[in-house]
Amino acid sequence: MATPTPASAPPRPAPAGLIARALSGDVAWSFRHSWSARISALVLLILFAAAILAPWLANQNPYDIGELSLFDSELPPAWAEGGDARYWLGTDTLARDVYSSILYGLRLSLIVGFASVALAAVVGISLGLLGGFVGGIVDAAIMRFADVLLSFPTILVALLVNGIMRGALPPAQHQQAAIWVLILAIGLTNWVQYARTVRSSTMVERNKEYVQAARINGVSRAGIMVSHILPNVLGPVLVIATINLGMAVLTEATLSFLGVGMPATQPSLGTLIRIGNEYLFSGIWWVVIFPSVVLVALVLAVNLLGDWLRDALNPKLR
Amino acid sequence: MIRSLLLTAAMSLPLTAPAAAETLKWATARDVYGLDPHAVTDSFTNIFTHHLYEPLVRYDAELRIEPALATRWEVIEPNRVRFFLRDGVTFHGGEAFDADDVIVSLTRAADPKSPLRGNLPGLTAVEKVDDLTVDVVMEGPTPLLNNYLTNIFILDSGWLEANGATAPIDASRGEEGYTTNNANGTGPFRLESRRPDALNVLVANEGWWDTPAHNLTRIEHSPIASAATRVAALLSGEIDLIEPAPLQDAARIEAADGVRMLENPGLRSIMMGINMGDSLVDGNVEGNPLKDLRVRQAMMHAINMDLIRDRIMRGKSRVTGSLIAPEVQGYTEAMDARLPYDPDRAKALLAEAGYPEGFAFNLNCPNDRYVNDEAICQAMAAMLTQSGFQPRLVTEPRQIHFQKVDERAVDVFMLGWATLPMLDGFSVLSAMLASPDGSYGTFTPAGYSNPRLDELTQAIAIEMDEEKRLAMLSEALMLAHEDIAWLPVHQQPLSWAARDTVEVPQAADDLVRLWYARVNN
Amino acid sequence: MFGFLVRRIVQSVFVMLAVALIAFMMFRFMGDPVNSMVSENASVAEREEVRARLGLDQPLYVQYARFVTRAAQGDFGLSWRNARPVSTLLAERFPATAELVLVAAGLSLVLGIPLGILTALRPRALSTQTLQFISLVGISLPTFVTGILLILTFSVWLGWLPSFGRGTVVDVGWWSTGFLTTTGLKALILPSVMLCLFQLTLIMRLVRAEMMEVLRTDYIKFARARGLSDRAIHFHHALRNTLIPVITIFGLQLGGLIAFAIITETVFQWPGMGALFIQAVSFGDVPVMAAYLVLVSLIFVTINTIVDLLYVVLDPRLRVDGARGAH
């Protein structure tokens, strides 16, 4: 979406020394006393581990069509009547093991999520630091551009980036490029929040004595930005990044529904749900329910964690 | 107060009640492109406008040709056919139907700028004999003339002229054609209103020349793109007839009260084209192994079509060895034989051809064109892989897929052919098997050329003796069958769903003809 | 104020020119329009003639200028899909999208603000926690799944509401409205609920956060000390201070609603601009895509400008610089 995120009013610029405070135990204390944060963290930990270990946990590589045998298609989960112990969450129309597909799909969704968040953060932080520190026309240009982008909803920009990339790339490369297109499209629409937050923090920080002192001591601008200002703005950036991760995963699913996501031969979690959606009436409920549950668990946990993090880093709200 | 309410109710009754009784609510996957029957070759637009406009001769519910606006015809010379027009027919606007309308309409459809001209190839002139007689003059003998004409609808010449629409629509002029949004035909229904992508309303034409087999007073057509929503609308009773209905939802629809599936084998044969050019588009070996007949045979041995039918097509498709359906002219049982599923034989043939390790190639499929197209291709890719091939599956929206097919930027690719509007095997021969030359060979796979087949194609095009023509047609199709120029897949099933109260014939061409439909309330 | 207005308008013009450039570039990237207009066996001369008639033989900047001039007059040429003027197509679809978005926006405000207040006043209550949790679950599911679930429940299972379309619409001039008929109003319910879920949650959480913040300020503490009733404090003082950021976010989110309507319209076969756009994307109908982009940007830019103005009016302390980055 254009502006923020499900979870929040945009985070406020954090006071200096926030990271230090976090390490000193304030945030840790809050974590120990928040049920939702601990459960979310646990869920995320499990999901991340499952995604990373997918090739070892899965019974089948669902992207390797040679492994699929149509004889095993549409088997219900193992505990249901007609289920097969080899496929404990059942199989889909093409005999892909639902459990393995979810692991691999989760992996892809998280890759897209993390990569696009990283892209957005790097672009946003760099531009925010630059604008905040240099000021003047550079700042104005960056912020006006941000204004424009902020007023365009993510899915529209993503559709546009997608359309342009498809036009620019030879058709033979569309499928291989799909994941990069997604990362670029989602990443490039989300950097604005980082830039705004970092910029306003930077503007506050740059007039502080320690920065002035560093300048007098001959430290270069870039040096100051990286070593002195950056650590101080990481708190709010972390909050935005957390919440954006959930949004990125959902956006990927939505784009998949609109026909511009990952190809059906390499389904992400969103693509699995999009495909499963077509079988809602047919009684093959397991192909849509299980991926949906995993997606909801993932996004919910990320959002809850983001919520908690925002509150924990912003003592005013506690 | 009560009195006035009653009065209102009484007044509104005659307006709504009887009309509602025979209204048919019809939902399809998409809307028509426009109402001009000469503007696109799209078969859905064509059948929709067939409710408004009529051709000289038409297909009945069993796909036999019968008189429509022409009552009879005579071959005067080999290339000149005389049509005697129906007397007393009027357009919806009240204009009388006569020879001028036929001349203008045929000329308009065959205009070099008309997209429809390919459906009436070789038209030289349409000459007026008298007000109700015309001669259609062709370049040469045209055995399939009547088949062509089933698809060419007649518009009123005066109406076209008055609205500046005599020439076909030309998009490059940047103006909207009058005929895109307005219709004035002789057909069984009149256009009442149209909201693109939302609702088209047709009402019965009281002054239709033919005795209606239908009992409809009103048709409300809504395009519903999302398949799940379309099925939901049928189940919730908002819609009476949906087309298509997803195969996987058949069980759910059958189980529901008051609705049923309408299923039949369709005319559309699905097949895989095979690149036989000098090199593969995306291969990993020198040259093109697909040129070797043994490799193409190995492919057929590798694919378990029965399993695809049972699982992906839910037992509804008809596995074929032929490129045309049995209903289509030119079909013989001999051409329907398939090499059996035999992965070991496939591997052996592959090794014999010098590729024991297999080779890589692209397998190109659309993902929004045919019934379960993407799933079929995924299953085929799996089977080919298991028999030693290395297919790289590429599935894309139809726009991109067919553009690639056009450019021959494909190795093994999916295509469906229903031989519409000809319903004749010649359609396959001329468009998909003949060496590319002029209007021939539009879809012929790269590098395929069989001189004997080309020779037969030329002869069939002008052979007026039906028996001889069919013999040559079958011979030519058999040659293609032996060459495995295309790898046959199956005949795609027709899959509609309707309320129990709706009776509608389901012809093999998958076109909805509501002038045969009845609603029994 | 006047200077600010002028500056905003100049800025908006630049933004629109940039959008027009992107839209124009789409034409260059996405194939040659001549191919989609002439028959495949057209001669080279014919192609050249069409090319000249479309002005495609001119230098790029001339073409761009032409595109902008014509776009400014609402002329985007003909759709490649069905040869109808793009402006007509959009005008036909605009009312459907506008009504859907307005109802969804209204719902999100009418439900979001009270829920936000409620959860702010009782932050520790079980009902608050539950509500917040449910709202998070609701937006953790992709909207297209939510839409289908709504249809399954309310159309197929309960049979209360229509599953597709706008019901009976009435033409008021060129505007087709569903507000005047029962079927039209019923048809609006499911799509607008699906569309507003996200915004509803956002506004609820925003109001909650702002309210909790305001309640902590000295101003409120002072009001309490003066002995004002809780009711007066909450609704008169606290809420008023909360609404300014809500208006900002709400304005920005209207744009989001228009974009998200693409999905809602696809699921519910709502004959709006979003459905038209998706159709154009799958068909490669560049004129429609370009026009949609320009029109939607125009709406965004206008809304943003109004929000900024409103902001300055509501809170004169804020200078232009702070106007957008309110938080």
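Note that the structure is predicted; figures quoted are calculated from it, not measured.

## Points about the overall build of chain A
Okay, step 1: When you go through chain A residue by residue, the secondary structure sums to 13 helices and zero strands.
Okay, step 2: In sequence order, chain A lays out its α and β elements as α-α-α-α-α-α-α-α-α-α-α-α-α.
Okay, step 3: Every one of the 318 residues in chain A was classed for burial, and the buried ones make up 56%.
Okay, step 4: Sequence-distant contacts, at least 24 apart, represent 72% of the contacts inside chain A between residues at least 6 apart.

## A word on the nonpolar core
Okay, step 1: Core analysis: the largest hydrophobic core is formed by 334 residues, its most contacted members being A379 of chain B together with Y292 of chain C.
Okay, step 2: Among all residues touching Y292 of chain C, those that are not within four sequence positions of it are L90, M273, L276 and F277 of chain C.

## Examining the packing of helix α11 (residues 221–257) of chain A against helix α12 (residues 269–277) of chain A
Angle between the axes and distance between the axes: these two values describe a pair of packed helices.
Residue and element names in this part refer to chain A.
Okay, step 1: Two numbers describe how α11 lies on α12: the axes approach to 8 Å, and their chain directions differ by 40°. Comparing their axes, α12 and α11 come out oblique. Judged by the twist between their axes, the crossing of α11 over α12 is right-handed. Residues E252, A253, S256 and F257 of α11 touch α12, and the partners they reach there are L269, G270, T271, I273 and R274.

## Let's talk about the UniProt feature "transmembrane region" (unreviewed entry) in chain A
Residues and elements named next belong to chain A.
Okay, step 1: As annotated in UniProt, the feature "transmembrane region" (unreviewed entry) corresponds to residues 39–58, 110–138, 145–165, 177–194, 229–250 and 284–306 in the numbering used here.
Okay, step 2: Note that residues 110–138 is 97% helix and 0% strand, and that its end C-alpha atoms are spaced 34 Å apart.
Okay, step 3: Its end C-alpha atoms 26 Å apart, residues 177–194 is made of 94% helix and 0% strand.

## Concerning the interface of chain B and chain C
Okay, step 1: Contacts between chain B and chain C engage 29 residues on the former and 34 residues on the latter.
Okay, step 2: Broken down by element, the residue count for the side of chain B that touches chain C peaks at five residues, all from helix α7 (residues 227–235) of chain B.
Okay, step 3: Here the side of chain B that touches chain C is built from residues that sort into 14 nonpolar, 10 polar and five charged.

## Quick look at the environment of S322 of chain B
Residues and elements named next belong to chain B.
Okay, step 1: With respect to the helices and strands, the residue S322 is situated in the loop between β13 (318–319) and α11 (343–352).
Okay, step 2: By the C-beta count within 10 Å, which is 26 here, S322 ends up buried.
Okay, step 3: For the pair formed by S322 and P488, sequence separation is 166 residues and the distance between their alpha carbons is 6.2 Å.
Okay, step 4: Excluding residues that lie within four positions of it along the chain, S322 makes contacts with Y331, M335, D336, H481 and P488.

## Brief notes about the pairing of strand β6 (residues 123–130) of chain B
As a general feature of sheets, a regular strand has side chains that alternate between the two faces.
Residues and elements named next belong to chain B.
Okay, step 1: Pairing geometry for β6 and strand β7 (residues 133–138), over six bridges, is antiparallel. Its bridge partner lying in β7, V126 is registered against V136.
Okay, step 2: The turn joining β6 and β7, which pair antiparallel and follow one another in sequence, is formed by two residues.

## Regarding the sheet that holds β7 of chain B
All names here are of chain B.
Okay, step 1: Spatially, β4-β5-β7-β6 is the arrangement adopted by the four strands of the open sheet, whose pairing is antiparallel. Only two strands of the sheet have a single neighbouring strand rather than two, namely β4 (70–77) and β6. In this sheet, adjacent strand axes meet at a mean angle of 20° when their direction is disregarded.
Okay, step 2: With five bridges connecting them, strand β5 (residues 80–85) and β7 associate as antiparallel partners. Note that in β7 the partner of V81 across the bridge is V136.
Okay, step 3: Along the sheet face, helix α3 (residues 99–110) touches β5, β6 and β7 and points at about 175° away from the line of β6.

## Let's talk about helix α16 (residues 466–483) of chain B
Residue and element names in this part refer to chain B.
Okay, step 1: Its 18 residues give α16 an end-to-end C-alpha distance of 26 Å, which sits within 8% of 26 Å, the value for a rise of 1.5 Å per residue.
Okay, step 2: Taken as a whole, α16 has its buried residues at R469, M472, L473, A476, L477, A480 and H481.
Okay, step 3: Among the structural elements, α14 (426–433) and α15 (451–462) are those in contact with the buried residues of α16.
Okay, step 4: I484 occupies a position one or two residues after α16 and carries a positive phi of about 50°.

## Quick notes on the pairing of strand β15 (residues 390–396) of chain B
Okay, step 1: In terms of residue burial, β15 of chain B counts as a mostly covered element, since five of its seven residues are buried.
Okay, step 2: Between the parallel elements strand β14 (residues 360–366) of chain B and β15 of chain B, the chain passes through helix α12 (residues 373–386) of chain B in a crossover that is right-handed.

## Brief notes about the environment of R230 of chain B
Residues and elements named next belong to chain B.
Okay, step 1: Here R230 shows up in helix α7.
Okay, step 2: We classify R230 as buried; it has 27 C-beta atoms within 10 Å.
Okay, step 3: Separated by 11 residues in the primary sequence, R230 and L241 place their C-alpha atoms 9.7 Å from one another.
Okay, step 4: Look past the residues within four positions of R230 in its chain and what remains in contact with it is A27, I224 and I242.

## Observations concerning the confidence of the model for chain A
Okay, step 1: With 85% of its residues at a pLDDT of 70 or more, chain A shows a mean pLDDT of 78.
Okay, step 2: For chain A, per-element mean pLDDT is lowest for helix α1 (residues 18–24) of chain A, which scores 54, and highest for helix α5 (residues 98–134) of chain A, which scores 89.

## Structural notes on unusual backbone geometry
Okay, step 1: Here the bond from E243 of chain B into P244 of chain B is cis, since omega is 0°, no more than 30 degrees from zero.
Okay, step 2: Note on placement: P244 of chain B falls in the loop between β11 (241–243) and α8 (250–255).
Okay, step 3: Look at A95 of chain A: it is not a glycine, yet its phi comes out positive at around 70°.
Okay, step 4: Along the chain, A95 of chain A turns up in the loop between α4 (54–57) and α5.
Okay, step 5: With a phi angle near 50°, R314 of chain B is a residue other than glycine that sits in the positive phi range.
Okay, step 6: In this fold, R314 of chain B is placed in the loop between α10 (305–311) and β13.

## Looking at the packing of helix α13 (residues 286–313) of chain A against helix α6 (residues 126–140) of chain C
Okay, step 1: Across the interface, α13 of chain A lies against α6 of chain C with an axial gap of 9 Å and an inter-helix angle of 130°. Of the possible angle classes, the one that applies to α13 of chain A and α6 of chain C is oblique. Relative to α6 of chain C, the crossing made by α13 of chain A is right-handed. Packed against α13 of chain A, whose contacting residues are V296, V299, L300, N303 and L304 of chain A, the element α6 of chain C presents L136, V137 and S140 of chain C at the interface.

## A closer look at the confidence of the model for chain B
Residues and elements named next belong to chain B.
Okay, step 1: Averaged over every residue, the pLDDT of chain B is 88; the share at 70 or more is 95%.
Okay, step 2: Mean pLDDT across the elements of chain B ranges from a minimum in helix α1 (residues 2–21), with 40, to a maximum in helix α9 (residues 293–302), with 95.
Okay, step 3: Here the predicted complex scores 0.83 on pTM and 0.81 on ipTM.

Rules and cut-offs
- Residues numbered from 1 in each chain as written.
- Chains lettered and ligands numbered in written order.
- Predicted model: local features only at pLDDT ≥ 70, side-chain atom pairs only at ≥ 80, totals over all residues.
- Helix = DSSP H or I, 4+ residues; strand = E, 2+ residues; numbered from the N terminus.
- Buried ≥ 20, exposed ≤ 12 C-beta atoms within 10 Å, placed from the backbone.
- Contact = placed C-beta atoms within 7 Å.
- Core = buried A, V, L, I, M, F, W, Y, C linked by C-beta atoms within 7 Å.
- Axes fitted to C-alpha atoms, helices over the stretch in contact; angles between N-to-C directions.
- Parallel < 35°, antiparallel > 145°, perpendicular 65-115°, else oblique.
- Left-handed = near helix turned anticlockwise from the far one by under 90°.
- UniProt positions renumbered as here; feature names shortened; annotations may be inferred.
- Nonpolar A, V, L, I, M, F, W, Y, C, P; charged D, E, K, R; others polar.
- Pairing = 2+ DSSP bridges.
- Expected span 1.5 Å × (residues − 1).
- Right-handed = clockwise from strand over helix to strand, strands pointing away.
- pLDDT = per-residue confidence, 0-100.

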